[in-house]
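Each chain, written out:
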Amino acid sequence: MDVWRLLPFRKADAAENMAVDEAIFRESIRRKVSPTLRFYGWLTPVVSIGYFQDARREIDIEGCRRLGIGLVRRPTGGKAVLHDQELTYAVVASPEQSHFPPDILRTYRVISNCLARGLSGIGIRAELKAEGRSPAGESLRTSCFSTPSRYELLVNGRKLCGSSQMRSHGAFLQHGALLMAFDPQRTCAVMLPHRELEKQAARLAESVTTVGELTGGSVDEPALCRSLREGFEQELGIRFEEGGLTAEEEALSRELMAKKYRNDNWNWEGSQSWMSGF
Amino acid sequence: MKLIPEDLLYSREHVWVRVEGDLATIGVTDYAQEKLGEIISLDLPEADSYVERDEPFGSIESAKAVVELISPVSGVVISVNEDITDDIGIVNSDPHDTGWMIIVEMDDQEELDDLLDTRGYQEFLIQETEAD
């Protein structure tokens, strides 16, 4: 039976969260370590944007400042997410891991199946979206939660989890937000374009559901982590050992934090203004 | 059936190379574009920048995934295909020709020895599909 590393739930700031995910991913390419599942939360509310998003066109900078919400650019693709009351997961695996097919969509499917199985343990019946669809009408296209993509998790047609990936040398990092609670007004207040905010917020509220709503608030982050862990174990036939970061991952995450994820050039301007070198 | 033209070399990272003297024209293979699906964003190096073998020379986004493009050779980028930054769909529709990405003046042509010919790449794809 394959043994994976589990990094237990911990809250950190945005730069640390992204730096740790990327450090694990980079080290998995270099050292071919066993796959990792990591759970984390956010110390303060933060908007994360996708690698290719235009922060100045898609995020209301003043709105963020007014509400005390930070900004970080992810290494992965996709749209903006307001991280507040949520459980974030990250999975990292290298090409030797036979559980994962070598392409993007089927990797989403495998991980969504694991998450769905875990959610069933707390009584949530989530299903995988068969086909992606485009945002319609007043939908806030900037937001990850405005529309489900293929193989993302829905409950009664409403999105519960938004995920994105990064791939290199056959390895991948997939991380995603499982909402514990959701505030559509705040989400709309920090994402552009503003267009009939109340309508946008109402449409977003209709398209999103949360663990809190589905369980009547009876499940907290530790309970959700336990259930998701079991979902991965049962779906993939693996077991987890709890662990920490290696010395190399620690050192690289500190470097990434300082040079990349606390760097306004990366967070605001993106890839054109920042060369990796890692 | 994947297109694997005879006049190109291929990396195991699904990048093709057309060699003319010490110049290497580089792009992603038909197999890669098919696996990626519709490409929606692309990030390429600027002319005069330096790329290193086995290191990323750019990134591509499809299906909410950022995929790093791995350079098969080291050298200075002497040209970048501006047409594909204006119309990214070309990478999907014509990956081996008008969908080229960069031209690199190679430091060391011996780096080409590690690349695969058409037959070798075909066999590599079969292995990758079987392992899948």
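So, here is what we can say about the structure in this document. (Residues numbered from 1 in each chain as written. Chains lettered and ligands numbered in written order. Predicted model: local features only at pLDDT ≥ 70, side-chain atom pairs only at ≥ 80, totals over all residues. Heavy atoms only, no water.)

Residues and elements named next belong to chain A. Buried residues dominate strand β2 (residues 36-42), accounting for seven of its seven residues. By the alternation rule, side chains of β2 split into Thr36, Arg38, Tyr40 and Trp42 and Leu37, Phe39 and Gly41, which are all buried. With six bridges joining them, strand β1 (residues 2-12) and β2 adopt parallel strand pairing. Directly across from Ala12, in β2, lies its bridge partner Trp42. In the classification by handedness, the crossover that spans β1, the intervening helix α1 (residues 14-31) and the parallel β2 is right-handed. Across five bridges, the pairing between β2 and strand β6 (residues 86-93) is antiparallel. In the strand pairing of β6, Thr36 is matched with Val92. (Buried < 20%, exposed > 50% of the residue type's maximum accessible area, 1.4 Å probe, protein only. Helix = DSSP H or I, 4+ residues; strand = E, 2+ residues; numbered from the N terminus. Pairing = 2+ DSSP bridges. Right-handed = clockwise from strand over helix to strand, strands pointing away.)

Another point: the packing of aromatic side chains. Residue and element names in this part refer to chain A. Taken as a whole, this structure holds 12 aromatic pairs over all chains when the rule is applied. Here the aromatic rings of Trp4 and Phe240 are separated by 5.8 Å at their centres, their planes lie at 85°, and the arrangement is edge-to-face. Here Trp4, found in strand β1, pairs with Phe240, found in strand β12 (residues 238-242); they are 236 residues apart in sequence, far enough to count as distant. Judged on exposure class, the residue Trp4 and its partner Phe240 are both buried. With centroids separated by 5.9 Å and ring planes inclined at 55°, the aromatic side chains of Tyr40 and Trp42 adopt a geometry described as tilted. (Phe/Tyr/Trp six-rings, centres within 6.5 Å; stacked < 30°, edge-to-face > 60°.)

Before going further, it helps to examine the interface of chain A and chain B. Across the contact, 29 residues belong to chain A and 21 residues belong to chain B. Between chain A and chain B lies a buried interface of about 1,900 Å² when both sides are counted; carbon and sulfur atoms form 50% of it. Contact with chain B buries surface across chain A, with Phe52, Ile104 and His169 of chain A losing the most and accounting together for 33% of the total. Across the contact surface, chain A and chain B share three salt bridges. (Contact = heavy atoms within 4.5 Å. Buried area = accessible area lost by both parts, 1.4 Å probe. Salt bridge = Lys/Arg side-chain N within 4 Å of Asp/Glu carboxyl O.)

On to helix α8 (residues 221-236) of chain A, then. Residues and elements named next belong to chain A. Over its 16 residues, α8 runs 22 Å from end to end, which matches the ideal 22 Å to within 8%, given 1.5 Å per residue. Among the residues of α8, those classed as buried are Glu221, Ala223, Leu224, Cys225, Ser227, Leu228, Gly231, Phe232 and Leu236. At the exit of α8 stands Gly237, carrying a positive phi of roughly 65°. (Expected span 1.5 Å × (residues − 1).)

On to the packing of helix α4 (residues 104-120) of chain A against α8 of chain A, then. Residue and element names in this part refer to chain A. α8 packs onto α4 with a crossing angle of 125° between their chain directions and a minimal axis gap of 7 Å. Taken together, the axis directions place α4 and α8 in an arrangement best described as oblique. In the crossing of α4 with α8, the sense of the turn from one axis to the other is right-handed. Here Val110, Ile111, Asn113, Cys114, Leu115, Arg117, Gly118 and Leu119 of α4 come into contact with α8, specifically with Leu224, Ser227, Leu228, Gly231, Phe232, Gln234, Glu235 and Leu236. Of the residues assigned to the contact of α4 with α8, the class counts are nine nonpolar, five polar and two charged. (Axes fitted to C-alpha atoms, helices over the stretch in contact; angles between N-to-C directions. Parallel < 35°, antiparallel > 145°, perpendicular 65-115°, else oblique. Left-handed = near helix turned anticlockwise from the far one by under 90°. Nonpolar A, V, L, I, M, F, W, Y, C, P; charged D, E, K, R; others polar.)

Core analysis: the largest hydrophobic core is formed by 35 residues, its most contacted members being Val91, Phe100, Leu119, Leu224 and Phe232 of chain A. Taken together, the elements giving at least two residues each to this core come down to β1, β2, β6, α4, β8 (153-155), β11 (171-179), α8 and β12 of chain A. (Core = buried A, V, L, I, M, F, W, Y, C linked by side-chain atoms within 4.5 Å.)

What follows concerns the environment of Leu160 of chain A. Residue and element names in this part refer to chain A. Position of Leu160 among the secondary structure elements: in the loop between β9 (158-159) and β10 (161-168). The exposure class of Leu160 is buried, given its relative accessible area of 0%. Counting along the chain gives 19 residues from Leu160 to Leu179, while the straight-line C-alpha distance between them is 6.2 Å. The contact partners of Leu160, leaving out residues within four places of it in the chain, are Leu119, Ile124, Phe145, Leu153, Val155, Ala177, Leu178, Leu179, Thr209, Thr210, Val211 and Leu214.

The next subject is the sheet that holds β9 of chain A. Residues and elements named next belong to chain A. The sheet built from three strands is open, its strands ordered β7-β8-β9 with antiparallel pairing. Because the sheet does not close on itself, it has two edges, and the strands there are β7 (127-128) and β9. The pairing of β8 with β9 spans two bridges and is classified as antiparallel. If you follow Leu154 over to β9, its bridge partner there is Lys159.

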